Amino acid sequence: MKKICLVSITVILASLIAVSMAFSQIPEKKFATRDGSRPNSLFAPGVMVGKTLYISGKGDYRPDEDYPEKVKNCLNEIKKSLAVMNLDMRHVVKSFCYLQDHTKYPEFNKIYAEFFPNEPPARTTLGVPQVPGDSEIEITCIAYADLSEKKMVGAPPEGFPFSPGIIGGKTLYISGKGDHLPDGKHPGTYEEQVRQSMRNIEGVLKQAGLGWDNVVMSHVFLDNYDNLGMTNKVYSEFFDFGNEPARATVFVDWV
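Just so you know, these numbers come straight off a predicted model, no measurement behind them.

(A) A look at the nonpolar core. Counting residues in hydrophobic clusters, the biggest one holds 28 residues, and the most contacted among them are Leu53, Leu75, Leu82, Phe108, Ile137 and Ile139. Elements with a contribution of two residues or more to this core: β4 (52-59), α1 (67-84), β5 (92-99), α2 (105-115) and β7 (137-144). With six residues, α1 is the largest single contributor of residues to this core. In contact with Leu53, not counting residues within four places along its chain, are Ala32, Gly46, Val47, Met48, Ser81, Leu82, Met85, Leu87, Cys141, Ile142 and Ala143. Of all hydrophobic cores here, the second largest spans 19 residues; its members include Val153, Leu205, Val215 and Val234.

Structure, rendered in structure tokens:
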């Protein structure tokens, strides 16, 4: 059977117009280290700006363990970084999950769901050819400190541990969206697959009272380089010329 190429897009949206900010108003930047000191390494384990914590990718670090234990260890590494800043898993608003073996996606979901029993974060999950080091999994997260300013947009799909969107403060984080139609089927052509992916994002935007002009960042994931031209053609239909968001485009093994 010929594989149908899908596109998955995740976007971060600000609901307010950006305004000029005096230097005295810039949120303080803190490192997620035990004493708050600058790390002496290539990257910080996490950085907090204002109420938002950005956590570096965490691996499973247990090459001899079975897969469920690998997933648990990876997520426990996330918990450790959160705890340094006096946060917990409830504060996570967005996660990116990279799987070296995408056939273990159902098994991954089962363990992942145990760590997010209520209002799971928005999520993008991708199959990649290799995760650095001895890990088979890598997860990076964004967390928001004030739970009173956290809100779920839409209900998690049945059987899947992620929310369509999560608002943290003045930012909306949207899960990766593929080309699924309301009946679970897929459009017949790649052009329509891209268009449906964008429409699925649009549905979450509307639920949050936002539109395409609010998008500030998008991540586009493709499993076939030959589809880039058509992806760009359809993608451009949804943004006013000159008002496009920042974007990263990445080619992966599986979406």
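(B) Looking closely at helix α4 (residues 228-235). Regarding α4, the residues found buried are Leu228, Thr231, Val234 and Tyr235. End-on, the buried residues of α4 take up no more than an arc of 130°, which puts them together on one face.

(C) Summary view of the packing of aromatic side chains. The final tally for this structure, using the stated rule, is nine aromatic pairs. With 5.2 Å between their ring centres and 80° between their planes, Trp212 and Phe239 make a pair best called edge-to-face. Of the two residues, Trp212 is situated in the loop between α3 (190-207) and β11 (215-222) and Phe239 in the loop between α4 and β12 (246-251); the sequence distance between them amounts to 27 residues. Phe239 carries the same exposure label as Trp212, and that label is buried. A ring pair is formed by Tyr225 and Phe251, whose centres lie 5.0 Å apart and whose planes are at 45°; its orientation type is tilted. With Tyr225 in the loop between β11 and α4 and Phe251 in strand β12, this residue pair connects regions lying 26 residues apart in the sequence. Following the ring pairs from residue to residue traces out a cluster consisting of Tyr105, Phe160, Phe162 and Trp254. Cation over ring: Arg123 sits above Tyr112, and NZ or CZ is 4.6 Å from the ring centre.

(D) Inspection of α1 at higher detail. Counted at 1.5 Å a residue, the expected span for α1 with its 18 residues is 26 Å, and the 26 Å between its end C-alpha atoms agrees. When we look at burial in α1, the residues that qualify are Tyr67, Lys70, Val71, Asn73, Cys74, Leu75, Glu77, Ile78, Ser81 and Leu82. Where α1 is buried, its residues contact β4, β5, α2 and β7.

(E) Just the pattern of salt bridges, in detail. Applying the stated criterion to the full structure yields 12 salt bridges. Lys70 serves as the salt-bridge partner of Asp60, at 3.5 Å between the closest nitrogen and oxygen. Here Lys70 lies in helix α1 and Asp60 lies in the loop between β4 and α1, a separation of 10 residues in the sequence. Residue Asp60 shares its accessibility class with Lys70, and that shared class is buried. Taken together, the shared-partner salt bridges in this structure form one network comprising Glu191, Glu192, Arg195, Arg199, Lys233 and Glu237.

Basis of the calculations
- Residues numbered from 1 in each chain as written.
- Predicted model: local features only at pLDDT ≥ 70, side-chain atom pairs only at ≥ 80, totals over all residues.
- Heavy atoms only, no water.
- Core = buried A, V, L, I, M, F, W, Y, C linked by side-chain atoms within 4.5 Å.
- Buried < 20%, exposed > 50% of the residue type's maximum accessible area, 1.4 Å probe, protein only.
- Helix = DSSP H or I, 4+ residues; strand = E, 2+ residues; numbered from the N terminus.
- Contact = heavy atoms within 4.5 Å.
- Arc of directions from axis to C-beta.
- Phe/Tyr/Trp six-rings, centres within 6.5 Å; stacked < 30°, edge-to-face > 60°.
- Lys NZ or Arg CZ within 6 Å of the ring centre and 35° of its normal.
- Expected span 1.5 Å × (residues − 1).
- Salt bridge = Lys/Arg side-chain N within 4 Å of Asp/Glu carboxyl O.

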